[in-house]
Amino acid sequence: MLVTGHSGFKGSWLSLWLHALGAKVTGFALPPPTRPSLFEAARIGELIDHVEGDVRDAAAVRKVVEDARPEVIFHLAAQPLVRLSYEEPVETYATNVMGTVHVLEAARTVPGVAAVVCVTSDKCYENREWIWPYRENDPMGGHDPYSSSKGCAELVVAAYRRSFFQGAGPAVASVRAGNVIGGGDWAADRLLPDLVRAFEAGAAPLIRSPEAVRPWQHVLEALGGYLLIADRLLGGEAQFADAWNFGPADDDARPVSWIVDRMRAAWGDGAGGPLADTGPRPHEAGLLRLDCSKARAALGWRPALTLEGAIDWIVTWHKAIGAGGDARAVTLSQIADYAAVSRLFEARAAAA
């Protein structure tokens, strides 16, 4: 297995899960984007073949694919932040669009790759701020450079699939998750990490856009969907080489203010009340939901955790680490617990 972006938040969780499943994993990424990071805290570099590199470098991408000879590529490497994309639009497009081109081109030209799962975002859709959830065949778009770049990446995946991978070469799918949350995320300008930092410091968190609604979900919900898609592609089921939404139940698309209140209640003592961030704010979507009926019907996939449960898991993770717990052991324990409650591959068999 090759995981691009393995040093990031989602990539670290995925790399640990794949290793726990017995996979031989090669990771290709820049150094961890935050300090602290889950990658370093859980010592993931001890468990996998860790290769530092940039997906904007086509030659480096091709070399890691040639050296690793992966059967499956999970492409997660990205510039993942909306606000940063306003500051660094060229880097955002170069990473998210041309990085995807470089991965698919390596998969196309290096023998042995059987499947590619390209991770984009729920923000790839042309957001009309309507109440209806977005389906996989809705138009791509994006107001800000990040969202636009993810819509562009989806168009790249679709073009490569139609141009080069019809009946030959690897099977290629794209996956679009909601706002993933989980322990070990220390990114800037993300709600849950901002809350954790404030609560640990005994400070009042600054909150932007309290009424904005997002499809929140634990990171393991999304990763479980990605693994199911890879499993189907490896099984030669060509109909799964397509675009897929993996989001929460409809009633778990909640406003920011609800998340803040629930996190404060779960954290307990030391969780300060929020303060409004009155600083300048670039445009971000106000309302976003995903329609996941396709994944439910075709894969038997469905969320295993409520949003309340996901928040409890995040608080448990960070409090365990704050008390001196081992990040790898705590993360693997939550992966094992999730695998037990989700019964993902039992659902796969039932849907077959």
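Residues numbered from 1 in each chain as written. Predicted model: local features only at pLDDT ≥ 70, side-chain atom pairs only at ≥ 80, totals over all residues. Heavy atoms only, no water.

This next bit is on the overall build of the protein. When you go through the protein residue by residue, the secondary structure sums to 13 helices and twelve strands. In terms of overall size, the protein behaves like a compact globule, its C-alpha atoms giving a radius of gyration of 19 Å where 352 residues would be expected to give roughly 20 Å. Considering only C-alpha atoms, the protein reaches an extent of 55 × 45 × 40 Å along its principal axes. Per-residue burial over the protein gives 54% buried out of 352 residues. For the protein, the share of sequence-separated contacts (at least 6 apart) that also reach a separation of at least 24 residues comes to 80%. (Helix = DSSP H or I, 4+ residues; strand = E, 2+ residues; numbered from the N terminus. Rg over C-alpha atoms; globule rule 2.2 N^0.38 Å. Buried < 20%, exposed > 50% of the residue type's maximum accessible area, 1.4 Å probe, protein only. Contact = heavy atoms within 4.5 Å.)

A few words on the nonpolar core. Side chains that are nonpolar tend, in soluble globular proteins, to be buried together. Counting residues in hydrophobic clusters, the biggest one holds 57 residues, and the most contacted among them are Phe74, Tyr226 and Ile229. In terms of residue count, helix 8 (residues 219–234) provides more of this core than any other element does, ten residues in total. Excluding residues that lie within four positions of it along the chain, Ile229 makes contacts with Val117, Ala173, Val175, Phe240, Trp244, Phe246 and Leu299. In this structure, Leu2, Val55, Val65 and Ala77 belong to the second largest nonpolar core, which totals 23 residues. (Core = buried A, V, L, I, M, F, W, Y, C linked by side-chain atoms within 4.5 Å.)

The UniProt feature table records "domain: NAD-dependent epimerase/dehydratase" (unreviewed entry) at residues 1–232. Taken end to end, residues 1–232 is 43% helix and 16% strand, and its two terminal C-alpha atoms sit 15 Å from one another. (UniProt positions renumbered as here; feature names shortened; annotations may be inferred.)

For the rest of this paragraph, the subject is the packing of aromatic side chains. Per the stated rule, a full pass over the model turns up nine aromatic pairs. For the ring pair Trp186 and Trp317, a centre distance of 5.8 Å and an interplane angle of 65° mean the geometry is edge-to-face. On the criterion of sequence distance, the pair formed by Trp186 in the loop between strand 7 (179–181) and helix 7 (191–201) and Trp317 in helix 11 (residues 307–322) is long-range, its members being 131 residues apart. Trp317 shares its class with Trp186; the two are buried. Measuring from centroid to centroid gives 6.3 Å for Tyr226 and Phe246, while their planes differ by 70°, and the two rings are edge-to-face. Of this pair, Tyr226 sits in helix 8 while Phe246 sits in strand 10 (residues 243–246), and the two are 20 residues apart along the sequence. Of the two residues, Tyr226 and Phe246, neither departs from the other in class, the shared state being buried. A cation over an aromatic ring shows up here: Arg108 above the ring of Phe164, its NZ or CZ 4.3 Å from the ring centre. Cation over ring: Lys294 sits above Trp244, and NZ or CZ is 4.4 Å from the ring centre. (Phe/Tyr/Trp six-rings, centres within 6.5 Å; stacked < 30°, edge-to-face > 60°. Lys NZ or Arg CZ within 6 Å of the ring centre and 35° of its normal.)

What describes two packed helices is the angle between their axes and the distance between those same axes. Taken N-terminus to C-terminus, the directions of helix 5 (residues 89–109) and helix 6 (residues 145–164) make an angle of 15°; their axes are 9 Å apart at the nearest point. Considering the angle they form, helix 5 stands roughly parallel to helix 6. The two elements helix 5 and helix 6 cross, and the hand of that crossing is right-handed. Of the residues in helix 6, those in contact with Pro89, Thr92, Tyr93, Asn96, Val97, Thr100, Val101, Leu104, Glu105 and Arg108 of helix 5 are Pro145, Tyr146, Ser148, Ser149, Lys150, Cys152, Ala153, Val156, Val157, Tyr160 and Phe164. (Axes fitted to C-alpha atoms, helices over the stretch in contact; angles between N-to-C directions. Parallel < 35°, antiparallel > 145°, perpendicular 65-115°, else oblique. Left-handed = near helix turned anticlockwise from the far one by under 90°.)

Applying the stated criterion to the full structure yields zero disulfides. In this structure Cys124 is a free cysteine whose sulfur lies 11 Å from that of Cys152, the closest cysteine sulfur available. Owing to a relative accessible area of 27%, Cys152 belongs among the partly exposed residues under this scheme. (Disulfide = S-S within 2.5 Å.)

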